[in-house]
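# Examination of the molecular architecture
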Amino acid sequence: MKFFIDTANLEQIKEAQDMGILDGVTTNPSLMAKEGITGTNNILKHYVDICNIVDGDVSAEVISTDFDGMVREGEALAELHEQIVIKLPMIKDGIKACKYFSDRGIKTNVTLVFSPGQALLAAKAGATYVSPFIGRLDDISTDGLNLIAEIRHIYDNYGFETQILAASVRHTMHVIDCAKLGSDVMTGPLSSITGLLKHPLTDIGLEKFLADYKKGN
Ligand code: G3P
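Definitions and cut-offs
Residues numbered from 1 in each chain as written. Predicted model: local features only at pLDDT ≥ 70, side-chain atom pairs only at ≥ 80, totals over all residues. Heavy atoms only, no water. Phe/Tyr/Trp six-rings, centres within 6.5 Å; stacked < 30°, edge-to-face > 60°. Helix = DSSP H or I, 4+ residues; strand = E, 2+ residues; numbered from the N terminus. Buried < 20%, exposed > 50% of the residue type's maximum accessible area, 1.4 Å probe, protein only. Axes fitted to C-alpha atoms, helices over the stretch in contact; angles between N-to-C directions. Parallel < 35°, antiparallel > 145°, perpendicular 65-115°, else oblique. Left-handed = near helix turned anticlockwise from the far one by under 90°. Contact = heavy atoms within 4.5 Å. Nonpolar A, V, L, I, M, F, W, Y, C, P; charged D, E, K, R; others polar. Arc of directions from axis to C-beta.

What follows covers the packing of aromatic side chains. A full pass over the atoms with the stated rule returns six aromatic pairs. A ring pair is formed by F67 and Y100, whose centres lie 5.9 Å apart and whose planes are at 85 degrees; its orientation type is edge-to-face. Note that F67 is positioned in helix 4 (residues 67-80) and Y100 in helix 5 (residues 92-103), a separation of 33 residues in sequence. Seen in terms of ring centroids, Y100 and F101 are 5.3 Å apart; in terms of plane orientation they differ by 85 degrees. Their pairing is edge-to-face. Judged on exposure class, the residue Y100 and its partner F101 are both buried. Pairwise contacts between aromatic rings join F67, Y100 and F101 into one cluster.

Listed below in structure tokens is the structure:
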């Protein structure tokens, strides 16, 4: 399973990249605003800064909600850097724009996906990635992980190549469960990645190894 980090924070992106396990980055307008990145020029520059840190795909979201606007914005974003993936909302014009970009070999990520039917449409439109938001489903007492399982089942039935990018991942158990279910990618906060390192027996074992080494030296 690929690991993407879901942030626009350059320090956190660098930390994950330095671990050597990062496969890409996802952003959205809310994550940009959280880092204080506002104004079109600053946002575009920030995407380039992110691309210069990581080796993999970097999702950059359009803010237009009409087909022409999405195409105009998406083409400008794609020009920024070869690692940019155009992130499009799961609405009718977003699906139309997804088909437009996939026909032209430009990578896409269809976001704000909350149902298997929406994921099926994204795959039909040739999306590179589909982003089911599992945490936000959990927030409303609906099993987010079950959506990953349903999409996996549908995609495998027909050999769709669209990659399932589990989004709105909140913690380590989401990461592990996504891996068990065969999600192609997960995107989460840095804590959902570094949390995987933790086990008390690792810490106790290491402490003992080092103490025993010191006894003999
Ligand atoms: O990847 C989508 C993500 O940014 C949404 O996460 O935690 O706001 O539901 P969250």
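With that settled, consider the packing of helix 4 against helix 5. Between helix 4 and helix 5, whose axes approach to 9 Å, the crossing angle comes to 45 degrees. As judged from the angle between their axes, helix 4 and helix 5 are oblique. Helix 5 is crossed by helix 4, and the crossing has right-handed handedness. Touching F67, M70, V71, G74 and E75 of helix 4 are D93, G94, K96, A97, Y100 and F101, all from helix 5. Class assignment for the residues of the contact of helix 4 with helix 5 results in six nonpolar, two polar and three charged.

The set of residues buried in helix 1 (residues 10-19) consists of I13, A16 and Q17. With its buried residues spanning 100 degrees around the axis, helix 1 presents them on a single face. Facing away from the buried side of helix 1, by more than 90 degrees, are the exposed residues E11 and D18. Contacts made by the buried residues of helix 1 are with strand 1 (2-6), strand 2 (24-26), helix 3 (40-53) and helix 10 (190-194).

Worth remembering: the numbers are spatial, not functional.
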